[in-house]
Amino acid sequence: MAVPRTGGLGPRLEDDGTAIRAMADADAPALLALRLANRERLGAVEPLRPAAFFTLRGQEDAVRWLSHAWRDGTRYGFVILAREEVIGGLTVDNVVRGAWQNATLGYWLDAAAEGQGHATRAVGLAARFAFEHVGLHRLQAAVMVANTRSAGVLRRAGFRPEGRAERYLCIAGRWEDHDLYARTAED
Ligand SMILES: CC(C)(COP(=O)(O)OP(=O)(O)OC[C@H]1O[C@@H](n2cnc3c(N)ncnc32)[C@H](O)[C@@H]1OP(=O)(O)O)[C@@H](O)C(=O)NCCC(=O)NCCS
């Protein structure tokens, strides 16, 4: 599927065959195809989505919403690319300034793109973006206790485990315990 090389917002960052760039309107069809193909496995680790999210209109709306937020500096939505194909998504979200200078990180890959290090490299690029381009001091991620693949990504990308937060996020309709990980600019 033809997708634009840059998202028009922000930098395109690359590491050894993996790239991240801002989500663009033209990505909506590719994102929809991935969302439909991975609906069940992503549904197990994400908040409940309305049915409209799984339509082209819903994906276009989601991309547009993220583009507005990018301009406001409150959240940054990326696609993850391999050989110019969209293989997943990543967000640097919940940006708080003041004394915290913190954001939260979320990411997912198409099942067919797992096991090649794309998520590890994309998370490393997101940290570079957060610290060098946005000027944040801290990036944190929360992982459901059983999500060992995601914990592996964070450890490989240099995030430190900080402990368990009980009933931290509402995932698939239930308040789930999560393990917190973080990296600061000094790391
Ligand atoms: C979480 C998720 C992104 C992890 O994907 P992943 O493929 O395990 O992670 P990576 O792309 O970094 O690949 C790592 C694997 O590739 C292997 N690998 C191969 N080449 C590699 C390289 N050059 N660098 C790093 N790892 C490499 C690693 O050894 C590892 O394999 P292992 O799982 O057998 O240990 C994916 O499982 C997913 O989308 N899950 C659903 C959504 C989700 O849980 N999101 C996170 C919520 S907190």
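Above this text you will find the structure in question.
Residues numbered from 1 in each chain as written. Predicted model: local features only at pLDDT ≥ 70, side-chain atom pairs only at ≥ 80, totals over all residues. Heavy atoms only, no water.

Asker: Break down the site of the ligand for me, citing the residues and quoting the values.
Answerer: Y107, E114, G115, T120 and N147 are the nearest of the 20 residues found near the ligand. In this structure, an oxygen atom belonging to the ligand sits 2.8 Å away from a main-chain N or O atom of L109. At a separation of 2.5 Å, an oxygen atom of the ligand approaches a polar side-chain atom of T120. (Near = heavy atom within 4 Å. Polar contact = N/O pair within 3.5 Å; in protein donor to acceptor, adjacent residues only side chain to side chain.)

Asker: An account of the pairing of strand 3 (residues 76–82) is requested, with residue identities and associated values reported.
Answerer: Among the seven residues of strand 3, seven are classified as buried, and the element is accordingly described as predominantly covered. Direction of pairing for strand 2 (residues 18–22) relative to strand 3: antiparallel, over a ladder of four bridges. Along strand 3, the bridge assignment pairs R21 with V79. Sheet analysis places strand 3 next to strand 4 (residues 85–96), joined by seven bridges and oriented antiparallel. Among the inter-strand pairings, I80 is bridged to a residue of strand 4, identified as G88. (Buried < 20%, exposed > 50% of the residue type's maximum accessible area, 1.4 Å probe, protein only. Helix = DSSP H or I, 4+ residues; strand = E, 2+ residues; numbered from the N terminus. Pairing = 2+ DSSP bridges.)

Asker: Let's hear about helix 4 (residues 118–133): which residues, and what values?
Answerer: Because an α-helix packs 3.6 residues into every turn, residues spaced three or four apart end up facing the same way. The terminal C-alpha atoms of helix 4 lie 21 Å apart, and with 16 residues this matches the ideal 22 Å at 1.5 Å per residue to within 8%. For helix 4, a buried count of twelve out of 16 residues is recorded, marking the element as mostly surrounded by other parts of the structure. Along helix 4, the positions that sit buried rather than exposed are H118, A119, T120, R121, A122, V123, L125, A126, A127, F129, A130 and F131. A positive backbone phi angle near 80° is found at G135, which sits one or two residues after helix 4. (Expected span 1.5 Å × (residues − 1).)

Asker: Please provide a residue-by-residue account of the pattern of salt bridges, values included.
Answerer: As enumerated under the stated definition, the model contains 15 salt bridges in all. Between R160 and D187 there is a salt bridge, with its nearest N and O atoms 2.9 Å apart. With R160 in strand 7 (residues 160–171) and D187 in the segment after strand 8 (174–184), the pair connects residues that are 27 residues apart, well separated along the chain. Note that R174 is salt-bridged to E176, the shortest N-O span being 3.4 Å. On the accessibility criterion, R174 (55% relative accessible area) is exposed. For E176, a relative accessible area of 18% translates into the label buried. (Salt bridge = Lys/Arg side-chain N within 4 Å of Asp/Glu carboxyl O.)

Asker: Could you give an account of the sheet that holds strand 6 (residues 138–144), with specific residues and numbers?
Answerer: Overall, mixed pairing links the eight strands, which are arranged 1-2-3-4-5-6-8-7 in an open sheet. Each edge of the open sheet carries a strand with a single partner, namely strand 1 (13–15) and strand 7. Each strand axis lies, on average, 30° off the axis of its neighbour in the sheet, ignoring direction. Here strand 4 pairs with strand 5 (residues 102–109) via seven bridges, running antiparallel. (Axes fitted to C-alpha atoms, helices over the stretch in contact; angles between N-to-C directions.)

Asker: Would you mind going over the environment of L48 in detail, with residue names and values included?
Answerer: Looking at the element boundaries, L48 is found in the loop between helix 2 (39–43) and helix 3 (56–72). Remark: the alpha-carbon pair of L48 and G98, spanning 50 residues in sequence, is separated by 31 Å. Residues within four places of L48 in sequence aside, it is in contact with A172 and G173. (Contact = heavy atoms within 4.5 Å.)

Asker: So, the packing of aromatic side chains: which residues are in play, and what are the values?
Answerer: We describe a pair of aromatic rings using the distance from one ring centre to the other and the angle between the two ring planes. The final tally for this structure, using the stated rule, is six aromatic pairs. Measuring from centroid to centroid gives 5.1 Å for Y76 and F129, while their planes differ by 70°, and the two rings are edge-to-face. Of this pair, Y76 sits in strand 3 while F129 sits in helix 4; the two residues are 53 residues apart in sequence, bridging distant segments of the chain. Residues Y76 and F129 agree in their burial class; the two are buried. The cationic tip of R35 hangs over the ring face of W108; the distance from NZ or CZ to the ring centre is 4.6 Å. The ring of F54 has R39 sitting right over it, with the charged end atom 3.7 Å from the ring centre. (Phe/Tyr/Trp six-rings, centres within 6.5 Å; stacked < 30°, edge-to-face > 60°. Lys NZ or Arg CZ within 6 Å of the ring centre and 35° of its normal.)

Bear in mind that shape data such as this cannot, by itself, settle questions of function.
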